[in-house]
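Letter by letter, the chains look like this.
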Amino acid sequence: MVLLAPFPVFAEEVPGEVTINEDFSDDTYQDGLTVSGGAIYCGEQDQYGTIGCSLGINSSTTFEFSEDVYEVGFLVGAVNQAYSVKYYYADGTDETIEKSGQSNTDFSTMYDTFYKSFTDYNNDEANTDKFITKFEVNVSDPTVFDTLYWQYVDESTIPTTTTTTTSTTLPKAEEVVEDGITTYLAWDENGCEHPNNPLSYKQYLEAVESGNWFGYQPGDCSDIPDVVVDIIEEEIEEEIEEIEEGPTEEELLELERIAEEERIAEEKRIQAEIDAELEALEEAEILAELEDLDIPEEEVQELVDFIQEFEDIVEVIEIPEEIIEIPDEIIIIEEIIEEVIDEEVDEEVLVEPIQKDVEEKPTEELEEIIEIEIIEEDLTEEEVAEVIEEYVEELETEEVIEIIEEVVETGIDNLDQVSEEVQEVIQAVVEEAIEDIEELTEEQVEVVAEVLSVETDDVEIIAEQIEKDEVIAEAVEEYVERAIENKDVEDYTFSDVVVEVQYEAFLENPIETFIDLDLEGISIDNIGDDMTSDQKEKAQEVVVPVILTRIASMSAFMFRKSI
Amino acid sequence: MIKKIWNWLITIIKETLNLSWTLVGLVIATLTLTGSAQQITGLATIITLAVWLLTIGFRK
């Protein structure tokens, strides 16, 4: 993304070129810029790609230039709705760029960069000069605007160039200080370029003073042209510009897309190889088990296929309720197997290994991943908590997600099979993941959401509410523990933990629950925005029956009174 | 004066008891909500109950 940012080009590409940067650090803008609205916003500094403060806008805003600007760049961030940018040109034409709303899954990448340049166009003598007089950012929701720069030519700073001989117009090389800026070109009398082009001004003067090199010489390296002093040569300038700018946004996106496709294809290929190897291995194992039995060859193959299919199904099953059903299915399998092998197969040979795999696999892997130091029995609870806290703090984000993924795979209902310390580690890991939600990718947030049994968008809401609401913070802290305790409850989610914690707080101090109000920042528009969708559903399940019951009781009362 | 206040206290206790089931429902609803919705519902419940009790005479 750094490459895509509209960093100003500081090298002087065009004689007399001036680059102006506006960082919106205060409400005094640079000369030559007029902004129709907005206000300096320092509430979310260095967020949404901005640097320091930015310009906050929430409606159509025009940025007008007083100079003949031929290049602008800027950043627009935190836009939830579709928006557009319209450029107005000096020749009376205009151009509109439509953009869709930006994804808010990661605030650090929630911005678009804009770059419009007519440098190359204007440098071509065949074209009429084209300039940007103003541009308009059309947004409909709170937006940040930052890192604006623009370029134009200040004619007064362009040194006078002549077509007379160099000896009469240029200073002596020894009088000039080496500045290291290599933008000068020299040719020999046949129109051949100097081998060290581009040259600094001092190098250029030295070359000219040698009498072998001159300013621009038209021709194909064989003609003998007149001596002309020409400072900038267009093609070299374009090359320099390309090197400075790097690949365009489109090129970068294309490269990223190709790399992603190649990665996915490679992953699929490796997965296919692994699957094939596993299948072959499984087949060999089953054949070895059936080797001693007297079964016809065709039936053996059928039996092998059937067992493989059955094992695949067992691997997919992760829901404990279904695991409980497995023994029934196994009995059915036993019956089928018995029929096939004419009652010669021992049940234990076929059934027990499968059942064992299903029950032992999940928690074993989880405990392998959580490589916490052995906690001695004589440690106090505080010491154990300290060890766990240190362990979790040292985990990288990827490790945190790996553990959560394994928890999802294992099923939170099966966590009662792991040790209490591992449960506490999992709890701390879940807390850690929610606290560092901004560092997680969309896929990682999905994994966290799966553990909490909430929607992906709800994870962000929970992370925000932790800081504001003690009940939510406590619910996050105790989620894993309570989920394990309530593993038999159907559809037990994070919202259930929140309700439980709130009821406990109410029973502990009923009055405080109702009088401890903080109405700051609450408006009619955003009531309920800080609730997860699951919580809203649960509230509806309660509030609607309450209202209906009240209406029914009132009706009954009125009816009784009228009789 | 004391008798008046006593009578009024008895009346508001009666009225509150009449509203028992409704209040239970509203408390449950409040505890099921979180964030701003919970705050607004809790506040609305208290204010409405207060207004209800203060306007007993007027409603009669």
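Residues numbered from 1 in each chain as written. Chains lettered and ligands numbered in written order. Predicted model: local features only at pLDDT ≥ 70, side-chain atom pairs only at ≥ 80, totals over all residues.

### Section: the overall build of chain A
Helix and strand counts for chain A come out as 17 helices and 11 strands. Residues classed as buried in chain A amount to 23% of the 563 residues present. Of the contacts formed within chain A by residues at least 6 apart in sequence, a portion of 70% connects residues at least 24 apart. (Helix = DSSP H or I, 4+ residues; strand = E, 2+ residues; numbered from the N terminus. Buried ≥ 20, exposed ≤ 12 C-beta atoms within 10 Å, placed from the backbone. Contact = placed C-beta atoms within 7 Å.)

### Side note on the overall build of chain B
In terms of helices and strands, chain B carries four helices and zero strands. When the helices and strands of chain B are read in sequence order from the N terminus, they spell out α-α-α-α.

### Quick notes on the packing of helix α9 (residues 381–394) of chain A against helix α11 (residues 420–435) of chain A
Residue and element names in this part refer to chain A. Look at α9 against α11: their axes get within 10 Å of each other, and the N-to-C directions meet at 45°. As far as their axial angle goes, α11 and α9 are oblique. Considering how the two elements wind past one another, α9 and α11 form a crossing that is right-handed. Counted together, V384, I388, E389, Y391 and V392 of α9 and E421, E424, V425, A428, V429 and E432 of α11 form the full contact between these two elements. (Axes fitted to C-alpha atoms, helices over the stretch in contact; angles between N-to-C directions. Parallel < 35°, antiparallel > 145°, perpendicular 65-115°, else oblique. Left-handed = near helix turned anticlockwise from the far one by under 90°.)

### Details of the interface of chain B and chain A
The interface is formed by 18 residues belonging to chain B together with 28 residues belonging to chain A. Looking at the side of chain B that touches chain A, the elements with two or more residues in it are α2 (20–32) and α3 (35–54) of chain B.

### As for the sheet that holds strand β7 (residues 83–89) of chain A
Residues and elements named next belong to chain A. In space, the five strands of this open sheet follow the order β2-β5-β10-β7-β8, with antiparallel pairing throughout. Every other strand in the sheet has two partners, leaving β2 (33–35) and β8 (94–99) as the edge strands with one partner each. Averaged over neighbouring strand pairs, the angle between their axes works out to 15° when direction is ignored. Across three bridges, the pairing between β2 and strand β5 (residues 61–69) is antiparallel. Note that in β5 the partner of L33 across the bridge is F65. (Pairing = 2+ DSSP bridges.)

### Focus: the environment of K130 of chain A
All names here are of chain A. Locating K130 in the fold gives a position in the loop between α1 (119–123) and β10 (132–138). Residue classification places K130 among the partly exposed residues on the basis of 14 C-beta atoms within 10 Å. In this structure the C-alpha to C-alpha distance between K130 and Y70, which are 60 residues apart in sequence, comes to 6.8 Å. When near neighbours in sequence (up to four residues on either side) are disregarded, K130 contacts Y89, A90, D91, F118, Y121 and N122.

### Side note on the environment of T147 of chain A
Within the secondary structure, T147 of chain A sits in strand β11 (residues 143–153). Taking the C-alpha atoms as reference, T147 of chain A lies 7.3 Å from I51 of chain A; in sequence the two are 96 residues apart.

### Concerning the pairing of β8 of chain A
Residue and element names in this part refer to chain A. Of all six residues in β8, zero are buried, a share of ten percent or less. Bridge analysis of β7 against β8 gives six bridges, and the strand direction is antiparallel. Counted as the bridge partner of Y87 is E95 from β8. Counting the residues in the hairpin turn of β7 and β8 gives four residues, including G92, whose phi is positive at 90°.

### Structural notes on the confidence of the model for chain A
Residue and element names in this part refer to chain A. Averaged over chain A, the pLDDT score is 76; the fraction of residues at 70 or greater is 76%. Note that pLDDT drops below 50 for residues 328–338; the model gives that stretch 11 contacts with residues more than four away or on any other chain. The model gives residues 343–360 a pLDDT under 50, and that stretch makes 21 contacts with residues more than four places away or in other chains. (pLDDT = per-residue confidence, 0-100.)

### Thoughts on helix α1 (residues 2–18) of chain B
The terminal C-alpha atoms of α1 of chain B, which comprises 17 residues, lie 24 Å apart, in line with the 24 Å expected from a rise of 1.5 Å per residue. With zero of its 17 residues buried, α1 of chain B lies for the most part at the surface. (Expected span 1.5 Å × (residues − 1).)

### Let's talk about the confidence of the model for chain B
Residue and element names in this part refer to chain B. The predicted model of chain B has a mean per-residue pLDDT of 87, with 100% of residues at 70 or higher. Of all secondary-structure elements in chain B, the lowest mean pLDDT belongs to helix α4 (residues 56–59), at 84, while α1 reaches the highest, 89. Two numbers describe this predicted complex: its pTM, 0.40, and its ipTM, 0.77.

### Structural notes on the packing of helix α13 (residues 456–468) of chain A against helix α14 (residues 470–485) of chain A
Helix-helix packing is characterised by the crossing angle of the two axes and by the distance between the axes. Residues and elements named next belong to chain A. Closest axis-to-axis distance for the α13/α14 pair is 6 Å, and the angle between their directions is 120°. Judged on the interaxial angle alone, α14 and α13 are oblique. In terms of crossing hand, the pair formed by α13 and α14 is left-handed. Between α13 and α14, the residues in contact are I462, Q465 and I466 and I472, A473 and V476, respectively.

### A few points about unusual backbone geometry
Residues and elements named next belong to chain A. Cis rather than trans, the peptide bond between N197 and P198 has omega equal to -5°. Along the polypeptide, P198 turns up in the loop between α2 (166–169) and α3 (201–209). A positive phi angle, close to 45°, is found at T147, a residue other than glycine. Phi at S453 is positive, roughly 60°, even though this residue is not glycine. Note that S453 resides in the loop between α12 (442–452) and α13.

### Considering the pairing of β10 of chain A
Residue and element names in this part refer to chain A. Here β5 pairs with β10 via five bridges, running antiparallel. Following the sheet pairing, V69 is matched in β10 by I132. Bridge analysis of β7 against β10 gives six bridges, and the strand direction is antiparallel. Each residue of the ladder has a partner; that of Y87, found in β10, is F135.

### A closer look at the nonpolar core
Residue and element names in this part refer to chain A. Ranked by size, the top nonpolar core spans 43 residues in total, and within it I404, V429, V430, V448, V459, A475 and Y479 carry the most contacts. Sorting the residues of this core by element identifies α9, α10 (397–410), α11, α12, α13, α14 and α15 (494–508) as the ones contributing at least two each. When residues no more than four places from it in sequence are discounted, the contact partners of A475 are F494, V497, V498 and V501. Membership of the second largest hydrophobic core comes to 28 residues, among which are F63, V72, Y111 and V137. (Core = buried A, V, L, I, M, F, W, Y, C linked by C-beta atoms within 7 Å.)

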